[in-house]
Amino acid sequence: MSDLYEFPADLPGQGDDGQATLKWTGTIVAIATLGLALFNPNAISGWVDDLPPGPTNVRLTAIGESWAETAGRIGLGTGHAKLHAAWKSAERTDWKGRQPVEMAATDQPATP
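Quantities reported herein were computed from a predicted structural model and do not represent experimental measurements.

### Topic: the side chain of Asn40
Okay, step 1: Summarising the element assignment, Asn40 is placed in the loop between α1 (19-39) and α2 (42-49).
Okay, step 2: In this structure Asn40 comes out as buried when scored by relative accessible area, which is 17%.
Okay, step 3: Discounting chain neighbours no more than four positions away, the residues touching Asn40 are Gly35 and His80.

### Some remarks on a negative patch on the surface
Okay, step 1: Residues Asp49, Asp50, Glu65 and Glu69 make up a contiguous surface patch of negative charge.
Okay, step 2: Its location among the elements puts Glu65 in helix α3 (residues 55-74).

### Observations concerning the environment of Thr78
Okay, step 1: Tracing the chain through its elements places Thr78 in helix α4 (residues 78-92).
Okay, step 2: Here Thr78 falls in the partly exposed class, since its relative accessible area comes to 39%.
Okay, step 3: Distance in space between the C-alpha atoms of Thr78 and Phe39 is 8.1 Å, their sequence separation being 39 residues.
Okay, step 4: There is a polar contact of 2.9 Å between the side chain of Thr78 and the backbone oxygen of Gly75.

### Considerations on the environment of Val48
Okay, step 1: Assignment of secondary structure puts Val48 in helix α2.
Okay, step 2: With 11 residues separating them in the primary sequence, Val48 and Arg59 have C-alpha atoms 9.8 Å apart.
Okay, step 3: Setting aside anything within four residues of it in sequence, one finds Val48 in contact with Asn57, Leu60 and Thr61.

### Description of the pattern of salt bridges
Okay, step 1: This model, assessed by the stated rule, comprises 1 salt bridge.
Okay, step 2: Note that Lys88 is salt-bridged to Glu91, the shortest N-O span being 3.1 Å. Taken as a pair, Lys88 and Glu91 lie in helix α4 at a separation of 3 residues, close to a single helical turn.
Okay, step 3: According to the relative accessible area criterion, Glu91 is partly exposed, its value standing at 34%.

### Section: the packing of α2 against α3
Okay, step 1: Where α2 contacts α3, the two axes come as close as 8 Å, and the packing angle between them is 160 degrees. Viewed along their axes, α2 and α3 adopt a mutual orientation that is roughly antiparallel. Classified by chirality, the crossing of α3 by α2 is left-handed. Residues Asn42, Ile44, Ser45, Val48 and Asp49 of α2 pack against Asn57, Leu60, Thr61, Gly64, Glu65, Trp67 and Ala68 of α3.
Okay, step 2: Of the residues assigned to the contact of α2 with α3, the class counts are 5 nonpolar, 5 polar and 2 charged.

About the thresholds
Residues numbered from 1 in each chain as written. Predicted model: local features only at pLDDT ≥ 70, side-chain atom pairs only at ≥ 80, totals over all residues. Heavy atoms only, no water. Helix = DSSP H or I, 4+ residues; strand = E, 2+ residues; numbered from the N terminus. Buried < 20%, exposed > 50% of the residue type's maximum accessible area, 1.4 Å probe, protein only. Contact = heavy atoms within 4.5 Å. Patch = residues over 30% accessible without salt bridge, like charges linked within 9 Å, V, L, I, M, F, W, Y side chains within 5 Å. Areas by Shrake-Rupley, 256 points an atom, 1.4 Å probe, with all protein chains shown as cover. Salt bridge = Lys/Arg side-chain N within 4 Å of Asp/Glu carboxyl O. Lys, Arg positive; Asp, Glu negative; His and termini not counted. Charge placed at Lys NZ, Arg CZ, Asp CG, Glu CD. Polar contact = N/O pair within 3.5 Å; in protein donor to acceptor, adjacent residues only side chain to side chain. Axes fitted to C-alpha atoms, helices over the stretch in contact; angles between N-to-C directions. Parallel < 35°, antiparallel > 145°, perpendicular 65-115°, else oblique. Left-handed = near helix turned anticlockwise from the far one by under 90°. Nonpolar A, V, L, I, M, F, W, Y, C, P; charged D, E, K, R; others polar.

What follows is the structure, encoded as structure tokens:
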């Protein structure tokens, strides 16, 4: 009876050489990249803006801005915009017993 509950379980002697793991990882990275490109197109423009200037990056900037405008027109960024607005609202909230938060860009007290 004790043989039924031994651990660790017997594993096959020959495992794969990492191909399945590499395929799984590549799939996850591709899905995450596609999701980011579709639902947060402004991130692409922000990423390109951080790259050193050059002819390729100027073209990438134009493509990124064009995609951000298109995605905005068809509503792909709506979820991100709502989440960002909720986050900013929570950030500005004057919790009981705390002083208003000074915003760095304007140096004005935040108002909810």
